[in-house]
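Next come the chains, spelled out residue by residue.
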Amino acid sequence: MSFFNNLGRSMTRSSQRGAKRSPTPTSATSEVPPSPSIPQAQVAPVQKPLYLCSPFVEAALVKGNFKTIVMLPKYVDIMEWVAVNIFDFYNHLNEFYGVISECCTQQSCKTMSAGTNLSYTWINQDRKSVHLPASTYIDYVMTWIQNLLDDENSFPTRSGQDFPPSFPSTVKHMYRQLLRVFAHIYHAHFNQLLHLRSEPHFNSLFAHFLAFGREYELLEVKDIKGVPTAPVGIGALWEKWKGMGLLEA
Ligand SMILES: [Zn+2]
């Protein structure tokens, strides 16, 4: 099912307005050269993130494949279905971030990190790409999304009022930013989720988000995986869940 192809030209036109926020690799300062006294072979490999390790990677509230719960219900308009799901993803993610936000400070997360060599940048008013502390970045994203959800012209709730032609590009943009919030939480705050024993809840929310995003073409593979020189940490989680049959291969 192609959500975007249904909308044809309006999508092409409106997508040109969207700000491009390509993942920008951080500088190489995080790479620590091995000490000359230690033979190369003894240098410890980069530790695998806990979210990729058993039993955490399998922890879930929902068992089985997510395909069935993302399918468009009969008689439901596709725009309505996308709108209501985005509304739910946003609210659930906001609640999770609210719980761990005291650990996401300007000191702990100086950038919007999402991988060992990846921090997302924000495009400011001068169209410059800048690094922001993760808490500021996420605050901007969540405020921007909340305002869109509250805007009757972007997300109409009254019967008889149509969704605007720009709706597909708007939701795709929102979706990509929500993915970045997930990516930061997994990368930088998974330990805190474990302390709260929230990993089954968070994994299920994220797997649902990924399944929905792929089904309705709201997410592209490059958004999920990043580029080889600066991979997104959760790209490996996506691959793992596909291998486990949780998500469509
Ligand atoms: Zn953080």
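Position numbers for residues start from 1 in each chain and track the written sequence from start to end. Only residues with pLDDT of at least 70 get local features here, since the model is predicted, and only at 80 or more are side-chain atom pairs given and counted; chain-wide, interface and lining totals rely on the full set of residues.

A.B. asks: Explain the nonpolar core here, please?
C.D. replies: Soluble globular proteins tend to bury their nonpolar side chains together. Formed by 55 residues in total, the largest nonpolar core has its most connected members in Leu-178, Phe-182 and Ala-207. Secondary structure elements with two or more residues in this core: helix H3 (78-100), strand S2 (112-115), strand S3 (118-120), helix H4 (134-150), helix H5 (167-195), helix H6 (199-215) and helix H8 (233-243). C-beta atoms are placed from the backbone for every residue, and two residues are taken to be in contact when these atoms lie within 7 Å. Once residues lying within four places of it in the same chain are set aside, the contact partners of Phe-182 are Leu-93, Phe-206, Phe-209 and Ile-234. Here a nonpolar core is just a set of buried residues of the types Ala, Val, Leu, Ile, Met, Phe, Trp, Tyr and Cys, joined wherever their C-beta atoms sit within 7 Å. Each residue is classed by its C-beta neighbour count within 10 Å, where at least 20 other C-beta atoms makes it buried, 12 or fewer makes it exposed, and intermediate counts make it partly exposed; the C-beta atoms are placed from backbone geometry. Each helix is a run of H or I in the DSSP string that is no shorter than four residues. Each strand is a run of E no shorter than two, and both are numbered from the N terminus.

A.B. asks: Please clarify how the environment of Trp-238 should be interpreted in this entry.
C.D. replies: Considering the arrangement of structural elements, one finds Trp-238 in helix H8. A tally of 20 C-beta atoms within 10 Å means that Trp-238 is categorised as buried. Considered as a pair, Trp-238 and Ala-207 are 31 residues apart in the sequence and their alpha carbons are 8.0 Å apart.

A.B. asks: Quick question: what am I supposed to make of H6 here?
C.D. replies: Helical geometry note: an α-helix holds 3.6 residues per turn, so side chains three or four residues apart project in the same direction. How far a helix is expected to stretch is found by multiplying one less than its residue total by 1.5 Å. Taking 1.5 Å of rise per residue, 17 residues should cover 24 Å, and H6 covers 24 Å from first to last C-alpha, within 8% of that figure. In terms of residue burial, H6 counts as a mostly covered element, since 13 of its 17 residues are buried. Following H6 by one or two positions, Glu-217 adopts a phi angle in the positive range, close to 55 degrees.

A.B. asks: Would you take a moment to explain H4 for this structure?
C.D. replies: Between the first and last C-alpha of H4 there are 24 Å, a value that for 17 residues agrees with the 24 Å anticipated at 1.5 Å per step. Inspection of H4 places Ala-134, Ser-135, Tyr-137, Ile-138, Val-141 and Ile-145 among the buried residues, and these make up the whole buried set. In an axial view of H4, the angular spread of the buried residues amounts to 160 degrees, which keeps them on one side of the axis. Opposite the buried face of H4, at more than 90 degrees from it, the exposed residues are Thr-143, Asn-147 and Asp-150. What the arc measures is the spread of directions leading from the helix axis to the C-beta atoms.

A.B. asks: Would you explain the environment of Leu-219 in this entry?
C.D. replies: Looking at the secondary structure, you find Leu-219 in the loop between H6 and helix H7 (221-225). Taking the C-beta count within 10 Å as the criterion, Leu-219 has 21 such neighbours and is therefore assigned buried. Sequence separation between Leu-219 and Leu-179 is 40 residues; the distance between their C-alpha atoms is 8.6 Å. In this structure, Leu-219 is in contact with Tyr-175, Leu-179, Gly-213, Arg-214 and Ile-224, ignoring residues within four places of it in sequence.

A.B. asks: What exactly am I supposed to notice about the packing of H4 against H5 here?
C.D. replies: Each pair of packed helices gets described by two things: the angle between the helix axes and the distance between those axes. It is at 11 Å that the axes of H4 and H5 come closest, and there the two elements cross at 150 degrees. When you trace H4 past H5, the crossing you get is left-handed. Here H4 contributes Ala-134, Ile-138, Val-141, Ile-145 and Leu-148 to the contact with H5, which in turn contributes Thr-170, Met-174, Gln-177, Val-181, His-184 and Ala-188. Grouping the amino acids of the contact of H4 with H5 by side-chain chemistry returns 8 nonpolar, 3 polar and no charged. In this analysis an axis means a line fitted to C-alpha atoms, helices contributing only their contacting stretch, and an angle means the value between N-to-C directions, from 0 to 180 degrees. The handedness criterion is simple: a crossing whose near helix is rotated anticlockwise from the far helix by less than a right angle is left-handed, and one whose near helix is rotated clockwise is right-handed. Residues are grouped as follows: nonpolar covers Ala, Val, Leu, Ile, Met, Phe, Trp, Tyr, Cys and Pro; charged covers Asp, Glu, Lys and Arg; every other residue, Gly included, is treated as polar.

A.B. asks: What's the story with unusual backbone geometry in this structure? I'm lost.
C.D. replies: If a residue is not glycine, its phi is most likely negative; likewise, a peptide bond is most likely trans. The peptide bond linking Ser-54 to Pro-55 adopts the cis configuration, its omega dihedral lying at 5 degrees. Along the chain, Pro-55 turns up in the loop between strand S1 (24-25) and helix H2 (67-70). Here the phi dihedral of Arg-127 falls at roughly 65 degrees; this positive angle occurs in a residue that is not glycine. By secondary structure assignment, the location of Arg-127 is in the loop between strand S4 (122-123) and strand S5 (129-130). Judged by C-beta crowding, with 8 C-beta atoms within 10 Å, Arg-127 ranks as exposed. Positive phi is not limited to glycine here, since Arg-197 has a value of about 55 degrees.

A.B. asks: How should I be thinking about the packing of H3 against H5 in this particular structure?
C.D. replies: Running from N to C, H3 and H5 cross one another at 25 degrees; their axes reach a closest spacing of 10 Å. One finds that H3 runs roughly parallel with respect to H5. For H3 against H5, the interelement crossing comes out left-handed. Contacts between H3 and H5 involve Met-79, Val-82, Ile-86, Phe-89, Tyr-90, Leu-93, Phe-96, Tyr-97 and Ile-100 on the former and, on the latter, Phe-167, Val-171, Met-174, Tyr-175, Leu-178, Val-181, Phe-182, Ile-185, His-189, Gln-192 and Leu-193. Classifying every residue of the contact of H3 with H5 by side-chain character gives 18 nonpolar, 2 polar and no charged. Here the angle decides the label: under 35 degrees means roughly parallel, over 145 means roughly antiparallel, 65 to 115 means roughly perpendicular, and every other value means oblique.

A.B. asks: I tried to follow the pairing of S2 on my own but got confused; where do I start?
C.D. replies: A regular strand places its side chains on the two faces of the sheet in alternate fashion. Where S2 lies against S3, 3 bridges are found, and the strand directions are antiparallel. Note that in S3 the partner of Gly-115 across the bridge is Leu-118. Two strands are counted as paired when DSSP detects at least two bridges linking them.

A.B. asks: Would you mind showing me how to read the confidence of the model for the protein here?
C.D. replies: One rule of thumb: low pLDDT means the predicted coordinates there are not for detailed reading. Values of pLDDT, the confidence the predictor places in each residue, fall between 0 and 100. For the protein, per-residue confidence averages 85 on the pLDDT scale, and 82% of positions sit at 70 or higher. Scored below 50 in pLDDT, residues 6-41 shows 35 contacts in the model against residues more than four places distant or in partner chains.

A.B. asks: Help me understand the environment of Phe-56 in this model?
C.D. replies: By the secondary structure assignment, Phe-56 is in the loop between S1 and H2. Measuring from C-alpha to C-alpha, the distance between Phe-56 and Leu-194 comes to 8.5 Å, with 138 residues separating the pair along the chain.

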